[in-house]
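The primary structure of each chain is shown beneath.
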Amino acid sequence: MNVTATLGAAALLTALACSVVALGASIYGQHSGSRAALLAGRRAILAAAALLSVAIVALGYALLTNDFAIAHVASVSSSEMQARMKWASLYSGQPGSLLFWTWSMSMFMAAFVLITVPKISWGSAHAVGTLGAVLTTFLIALVFFASPFRLSPVRPEDGTGLNPLLVDPGMLIHPPFLLTGLVSTVIPFTLGAAALMSGRLDQAWIRHARGWALASFLVLSIGNFLGGWWAYTVLGWGGYWGWDPVENSAILPLLPMTAFLHALVVQERRGMLKLWNLVLVLAAFALAVFGTFNVRSGLVASVHSFAQSEVGPYFLVLVGLVVVASVVLIVWRLPRMHAEVEFESLVSREAGLILNTYVLIAMALVILGGTLFPVFSELIQDVRITVGPPFFNDVVGPLLIVMLFLTAIGTVVPWRKAAPGALGRRFIVPGALLLVALVALAVLGVRDPFALAGIGGAVAILAVTAREYAAGTLALRNARGMSWPGAFGALFNRDPRKYGGYLVHVGVAVMAIAVVASTVYQSQTRAIVSPGESFEAGGYTMVFEDLATRSPGMNGIDVEVVARVRVERDGKVEGYLEPGRRFFANFPEQPVAIVAVDGSLTRDLYLFVQGWDAERLTEIQAFVNPFIAWLWIGGGIYAAGGLLAFAPFRARRPVVVEDAAPTGARPV
Amino acid sequence: MTSVTRPFALVGVAVLALAAGLLTSIQGASAQLPPTEEQAIAIERQLLCPQCTNKRLDVCELAICRDMKQIIRERLAAGATADDIILFFEVRYGPQVRAELPREGFNLWLFGWVGSAIVAVGVAGAWFLLSLRQRARPAAAAGTPADDAWLDEELRAADERDA
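Residues numbered from 1 in each chain as written. Chains lettered and ligands numbered in written order. Predicted model: local features only at pLDDT ≥ 70, side-chain atom pairs only at ≥ 80, totals over all residues.

1. Topic: the overall build of chain A
Stage number 1. For chain A, the count of helices and strands is 21 helices and ten strands.
Stage number 2. The C-alpha radius of gyration of chain A comes to 27 Å, within 12% of the 26 Å expected for a compact globule of 668 residues.
Stage number 3. In terms of overall dimensions, chain A has C-alpha extents of about 80 × 80 × 55 Å along its principal axes.
Stage number 4. Counting the 668 residues in chain A, one finds 58% classified as buried.
Stage number 5. When contacts within chain A are restricted to residue pairs at least 6 apart in sequence, long-range pairs at least 24 apart make up 74% of them. (Helix = DSSP H or I, 4+ residues; strand = E, 2+ residues; numbered from the N terminus. Rg over C-alpha atoms; globule rule 2.2 N^0.38 Å. Buried ≥ 20, exposed ≤ 12 C-beta atoms within 10 Å, placed from the backbone. Contact = placed C-beta atoms within 7 Å.)

What follows is the structure, encoded as structure tokens:
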């Protein structure tokens, strides 16, 4: 008997039982008013989380001890892999990633049960019941369709090793962030579902959902950034976002979650958008489950691979259940959802926020359509097509530009309605800056309309945000006699939510400039050169000195072949780059690129090798990517703003929920 | 220049510097290739590897892709147009090798979906905003009016000073 596999499988089975208990106890407690049953439901969620932790530790132990009797360990690990890379093995492959998904989700659920559930007496039973139902469905998939603890029919001498593309330090952080971000959507979803079921549709659930939604937004955003960075530095195609179905699946839930974070402000302050906010959180979770289904089923690659997938059809049913249940709940409660105050003017902060959420949802619908269309083409026409970057760039690009300008306008316009004179004055300086920037770009030769509009939108955001920061800093400086830097720092202490949010906008604007510049003005050179020959790329002379080999002797890497390239400018040596290819012992047909990047604030020189022959005639591709560093800098600003905005959730504004459940259950 | 507008001057300078940097970068990055190689790479970027998932031909190293790149250069040298060459590969490997989805036939459903989604969101949004005006019921507790009321006051004062 394999003790580790038995322990892990038993933990999963018991966790499944606990999740069923959580569901059942919550339903019983809600109907009977039994305090003991409601408490049992909460404890069952905590127990399931603890048992899933036992399961994931068991799998980690099996990986570290090379327990190749376990089929998953044999398929994603090998004895000579570094221990740190075995962390990546933990969540690679279908069973491992599904276990990580479910464990991570259970951690969120446990935190939610401990932190928030005691404060929502109006809907605690509904919330815990929802958690139990969701956890049960994922544990059924884990136990019956994709268990990571299945034993190999014959114990192999060694494992196959990690998929070569995943043998990269980026894999140690990108998937955990992304998977955690996806699962975290379950908490706002649960609060929305509890609000619908309990009939408590006022601001109560919104107040609790904000912090969880912000955490989800932040982790999901960081996961997507890291994915772009990994694609850029590992995949070797010169870009960071390829509109691949898996990438699309990762960004889809982020769009309604971002929309929710903006729309909830309107509900908090103006009592509007009750229906819309519920739709957004339900959509975010449905899209997260869709992403899980999409990645695991192989559906978009081909309907045939979907048919061969065990877990694919199961997740399809799950996505359908989430959508149907959400629609039924919303239709049931629709009569209760009415705005509490009058919407006064289209020229108001709330109108700007609402319009921006519409643009975000339009983007989500367009991306979803483009991602799924190949499936319909194959099903209906039996024609396999590809919906690639040109389509997405053409349709999402203009929506992004609209979003940039709406973000800028929404920042300037006040709540309720704007007095025309004061509003005009607020636009004067940002408008003038935008005009100057556009004229300067045009004079300097930028003619591409997408570039002008994209950079214009970004400049507009930077200008209005600078005005907001300047006005706030001046106000604090005048009121407290502080220095300029002191007053600026105090702004974030005074209202971290607002000024942190503005910092996120600055990050978006900086990233937008980088995206536009690197998309429109990327240049590409291919050279086939012998040792000693050179080629020109981006104003630099690249001298190919020779090929060299090296054998790291770990992580399944058999040999690395690199091309030593001397980078010169005006006859002066600027440095050396070593692009190449990495070959793996167990995956001889799947070499991966070694990308060499010489980065600066204005451009990246990006080299990779495509092949060579016996005479060392080598094919090298060189990209010059303008302003790409600003994509990562913008991402950092965005993440910092998100963290700052999180501050009030943690400490400054404790949430007080004052009332009892309306449906009969006693507070617990 | 008031103390409120002074930071904008700095932003203006930064924007101009950014624009100048962009242009310098663009000029420095001008392609160094002979025209036919540029054309070949432009065609490669419109094609996908027939054996991979969503991998552009120009960055694919598989043998089949190397052959395709060679064929592109041969056909260009023989006087074929980009459309001819892309059609040749489409006939040989199927429509999935096209990076850009042709706007014809069944594919029009996708473009219809895009248009419908945007129009539907727009119409639903407009209806929703208008209905908010009609259905709204006055309520005493309409959210927290202003946790930044202090700033609104200061802004009003600043606007008045500017005026």
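Having seen it, we continue.
2. Observations regarding the overall build of chain B
Stage number 1. The helix and strand inventory of chain B stands at six helices and zero strands.
Stage number 2. Ordered by position from the N terminus, the helices and strands of chain B form the series α-α-α-α-α-α.
Stage number 3. Here chain B, with 163 residues, has 29% of them falling under the buried criterion.

3. Remarks on the nonpolar core
Nonpolar side chains tend to gather and get buried jointly when the protein is soluble and globular.
Stage number 1. Counting residues in hydrophobic clusters, the biggest one holds 214 residues, and the most contacted among them are Ala48 and Ile513 of chain A.
Stage number 2. When neighbours within four sequence positions are excluded, Ala48 of chain A is seen to be in contact with Ala15, Cys18, Ser19, Ala22, Ser106 and Leu135 of chain A.
Stage number 3. Within the second largest apolar cluster, 43 residues are counted, among which are Ala563, Val565 and Val592 of chain A together with Leu48 of chain B. (Core = buried A, V, L, I, M, F, W, Y, C linked by C-beta atoms within 7 Å.)

4. What about the domain arrangement of chain B?
Stage number 1. We note that the domain assignment places domain 1 (35-99) and domain 2 (103-130) within chain B.
Stage number 2. Placing a centre on the C-alpha atoms of domain 1 of chain B and another on those of domain 2 of chain B gives a separation of 33 Å. (Domains from an automatic or database assignment.)

5. Some words on the environment of Asp158 of chain A
Residues and elements named next belong to chain A.
Stage number 1. Take Asp158: it is sitting in the loop between helix H6 (124-145) and helix H7 (174-184).
Stage number 2. The exposure class of Asp158 is partly exposed, given the 14 C-beta atoms found within 10 Å.
Stage number 3. For Asp158 and Thr190, which are 32 residues apart along the polypeptide, the C-alpha to C-alpha distance reads 43 Å.
Stage number 4. Leave out the neighbours within four places in its chain, and Asp158 touches Phe68, Ser78 and Ser79.

6. Re the confidence of the model for chain A
Stage number 1. Predicted confidence across chain A gives a mean pLDDT of 88, with 94% of residues reaching 70 or more.
Stage number 2. Across residues 649-668 of chain A, where pLDDT falls below 50, the model places 40 contacts with residues more than four positions away in sequence or in other chains. (pLDDT = per-residue confidence, 0-100.)

7. Examining unusual backbone geometry
All names here are of chain A.
Stage number 1. In this structure, Trp243 is a non-glycine residue whose phi angle is positive, near 55 degrees.
Stage number 2. Within the secondary structure, Trp243 sits in the loop between helix H9 (204-235) and helix H10 (245-251).
Stage number 3. A residue is classified by how many C-beta atoms lie within 10 Å of it, and Trp243, with 20 of them, is buried.
Stage number 4. A positive phi angle, near 65 degrees, is found at Arg616, a position not held by glycine.

8. With respect to the sheet that holds strand E8 (residues 596-599) of chain A
Residue and element names in this part refer to chain A.
Stage number 1. The strand order E1-E10-E9-E8 describes an open sheet built from four strands, whose pairing is antiparallel. The sheet is open, and its two edges are formed by strand E1 (523-529) and E8, each paired on a single side. Between one strand axis and the next, the sheet turns by 15 degrees as a mean value, whatever way the strands run.
Stage number 2. The pairing of E1 with strand E10 (residues 618-626) spans seven bridges and is classified as antiparallel. Paired with Ala527 across the strands is Ile620, a residue of E10. (Pairing = 2+ DSSP bridges. Axes fitted to C-alpha atoms, helices over the stretch in contact; angles between N-to-C directions.)

9. Looking at helix H20 (residues 496-520) of chain A
Stage number 1. A rise of 1.5 Å per residue sets the reference length of H20 of chain A, with its 25 residues, at 36 Å; its end C-alpha atoms lie 35 Å apart and thus fit the reference within 8%.
Stage number 2. In terms of burial, H20 of chain A is a largely internal element, 23 of the 25 residues being buried. (Expected span 1.5 Å × (residues − 1).)

10. Concerning helix H8 (residues 186-198) of chain A
All names here are of chain A.
Stage number 1. With 13 residues, H8 extends 18 Å from end C-alpha to end C-alpha; this agrees with the ideal 18 Å at 1.5 Å per step.
Stage number 2. Here H8 lies mainly inside the structure; twelve of its 13 residues are buried.
Stage number 3. Along H8, the positions that sit buried rather than exposed are Val186, Ile187, Pro188, Phe189, Thr190, Leu191, Gly192, Ala193, Ala194, Ala195, Leu196 and Ser198.
Stage number 4. With its phi angle positive at about 80 degrees, Gly199 sits one or two positions after the end of H8.

11. A word on the pairing of strand E4 (residues 557-569) of chain A
Residues and elements named next belong to chain A.
Stage number 1. Across nine bridges, strand E3 (residues 540-550) lies against E4 in antiparallel orientation. Considered in E4, the bridge of Arg550 is made with Glu560.
Stage number 2. Linking E3 to E4, which pair antiparallel, is a turn of six residues; within it Gly553 sits at a positive phi near 65 degrees.
Stage number 3. The pairing of E4 with strand E6 (residues 580-584) spans five bridges and is classified as antiparallel.

12. As for the packing of helix H2 (residues 35-64) of chain A against helix H4 (residues 83-90) of chain A
Residue and element names in this part refer to chain A.
Stage number 1. Running from N to C, H2 and H4 point in directions that differ by 135 degrees, and their axes come no closer than 10 Å. For the element pair H2 / H4, the angle class is oblique. Seen from above, H2 lies across H4 with right-handed handedness. Listed contacts from H4 to Leu59, Gly60, Leu63 and Leu64 of H2 are Ala83, Lys86, Ser89 and Leu90.
Stage number 2. A breakdown of the residues in the contact of H2 with H4 according to their chemical character gives five nonpolar, two polar and one charged. (Parallel < 35°, antiparallel > 145°, perpendicular 65-115°, else oblique. Left-handed = near helix turned anticlockwise from the far one by under 90°. Nonpolar A, V, L, I, M, F, W, Y, C, P; charged D, E, K, R; others polar.)

13. Details of the environment of Tyr638 of chain A
Stage number 1. When you line up the elements, Tyr638 of chain A lands in helix H21 (residues 629-652).
Stage number 2. Through-space distance from the C-alpha of Tyr638 of chain A to that of Ile222 of chain A is 9.1 Å; in sequence the pair is 416 residues apart.

14. Some thoughts on the packing of H7 of chain A against H9 of chain A
Residue and element names in this part refer to chain A.
Stage number 1. Look at H7 against H9: their axes get within 7 Å of each other, and the N-to-C directions meet at 145 degrees. Taken as a pair, H7 and H9 cross one another with a handedness that is left-handed. Side by side, H7 and H9 meet where His174, Phe177, Leu178, Thr180, Gly181, Leu182 and Ser184 of the first sit next to Ala215, Ser216, Val219, Leu220, Ile222, Gly223, Asn224, Leu226, Gly227 and Trp230 of the second.
Stage number 2. Taken together, the residues of the contact of H7 with H9 sort by class into nine nonpolar, eight polar and no charged.

15. Thoughts on the confidence of the model for chain B
All names here are of chain B.
Stage number 1. When the pLDDT values of chain B are averaged, the result is 73; 59% of them are 70 or greater.
Stage number 2. When mean pLDDT is compared element by element in chain B, helix H4 (residues 82-93) scores highest at 94, while helix H1 (residues 6-28) scores lowest at 51.
Stage number 3. Contacts of residues 22-33 to residues separated by more than four positions or lying in other chains number 29 contacts, the stretch itself having pLDDT below 50.
Stage number 4. Segment residues 137-148: pLDDT under 50, and 22 contacts once partners within four positions in sequence are set aside and those in other chains are kept.

16. What about the pairing of strand E5 (residues 572-577) of chain A?
All names here are of chain A.
Stage number 1. Taken together, the five bridges between E4 and E5 define a ladder with antiparallel strand orientation. Bridge assignment links Val567 to a residue of E5, and that residue is Gly575.
Stage number 2. Taken together, E4 and the strand that follows it, E5, pair antiparallel across an intervening segment of two residues, in which Asp570 is found at a positive phi of about 50 degrees.

17. A closer look at the environment of Leu196 of chain A
All names here are of chain A.
Stage number 1. Inspection of the secondary structure puts Leu196 in helix H8.
Stage number 2. Counting along the chain gives 210 residues from Leu196 to Leu406, while the straight-line C-alpha distance between them is 31 Å.
Stage number 3. With residues near it in sequence (within four places) discarded, Leu196 still touches Leu278, Leu329, Ile330 and Arg333.

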